[in-house]
Amino acid sequence: FHNLAATNALQSFIHEAEQKLVMTTPYFVPDVATVVNLATAARRGVEVHLVVPLRNDSRLVGLASRSSYGTLLEAGVRIHEFEGGLLHANAITVDSDISLVSSANLDRRSLFLNFEAGLYVYDQDFTSQLRFLQQSYIESSRTVDPARWNERGVKTLLAENAAGLLSPLLGALPAPSQSS
């Protein structure tokens, strides 16, 4: 899928959730609509989990990702930072019967620039198995504590907010270099 189809699918999955929504992605640089919709889902009683890597291969992307944590944590979204390296799993499970496995990250590059492939699955058995895998990622993560999050230093806060301001441009930046 590409552009509008990818963003519409993402927003539809968030809106469809009634009990539990689990999202795993290595790159979380959401647009405003995604942040608002995730926060709204949590406020309407959906158990929302976001699993991202603790350390990203791009410091700027990591900072931009964290710039939206405050809004999400305040709304009740549970953010888990995977400690086992760069978790490169792009998956969403909705309640107990809907799944999306995709090449698309939850960032503007994937949603607005790249051509991506995704597989929607409406099957309880598949979703259960994927949710089991996602749970193993959560168990290998540290959960961001909202109280501790609010105590981070001014330098960190400024760096995250500055990166957040640049987040619309991050999708236009080239992928991190793998040079040796």
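Structure shown above.
Analysis parameters
Residues numbered from 1 in each chain as written. Predicted model: local features only at pLDDT ≥ 70, side-chain atom pairs only at ≥ 80, totals over all residues. Heavy atoms only, no water. Buried < 20%, exposed > 50% of the residue type's maximum accessible area, 1.4 Å probe, protein only. Helix = DSSP H or I, 4+ residues; strand = E, 2+ residues; numbered from the N terminus. Pairing = 2+ DSSP bridges. Expected span 1.5 Å × (residues − 1). Core = buried A, V, L, I, M, F, W, Y, C linked by side-chain atoms within 4.5 Å. Contact = heavy atoms within 4.5 Å. Patch = residues over 30% accessible without salt bridge, like charges linked within 9 Å, V, L, I, M, F, W, Y side chains within 5 Å. Areas by Shrake-Rupley, 256 points an atom, 1.4 Å probe, with all protein chains shown as cover. Salt bridge = Lys/Arg side-chain N within 4 Å of Asp/Glu carboxyl O.

## As for the pairing of strand E5 (residues 91-94)
Neither face of E5 is left uncovered, since the one carrying Ala-91 and Thr-93 and the one carrying Ile-92 and Val-94 both have all their residues buried. Note that strand E1 (residues 20-24) and E5 share four bridges and pair antiparallel. Bridging from a neighbouring strand, Leu-21 pairs with Val-94 of E5. By the bridge criterion, four bridges tie E5 to strand E6 (residues 98-102) in an arrangement that is antiparallel. In the sheet register, Ile-92 faces E6, and the bridge partner there is Leu-100. Following E5, the chain reverses through three residues before pairing antiparallel with E6; Asp-95 in that reversal takes a positive phi of roughly 50°.

## Notes on helix H2 (residues 32-43)
The end-to-end C-alpha distance of H2, which contains twelve residues, comes to 16 Å, matching closely the 16 Å that a straight helix rising 1.5 Å per residue would cover. Within H2, burial applies to Thr-34, Val-35, Asn-37, Leu-38, Ala-39, Ala-41 and Ala-42. Taken from the residues just after H2, Gly-45 is the one with a positive phi, measuring 105°.

## With respect to the nonpolar core
By size, the foremost hydrophobic cluster in this structure holds 28 residues, and its most contacted members are Leu-21, Leu-38, Val-48, Leu-50, Leu-72, Ile-79 and Ile-92. Listing elements by their share of this core, those giving two or more residues are helix H1 (4-16), E1, H2, strand E3 (47-53), helix H4 (69-75), E5 and E6. No other element matches the five residues that H2 contributes to this core. Sequence-distant contacts of Ile-92, defined by excluding residues within four places in its chain, comprise Leu-10, Phe-13, Leu-21, Val-22, Met-23, Ile-98, Ser-99, Leu-100, Leu-130 and Gln-134. In terms of nonpolar packing, the next biggest core, distinct from the first, is built from seven residues, Val-51, Leu-87, Tyr-137 and Ile-138 among them.

## Section: a nonpolar patch on the surface
A cluster of nonpolar side chains, namely Val-101, Leu-119 and Phe-126, defines an oily patch on the protein surface of about 230 Å² accessible area. By the secondary structure assignment, Val-101 is in strand E6. Overall, Val-101 belongs to the partly exposed group, its relative accessible area being 34%.

This is a description of form; function is not addressed.
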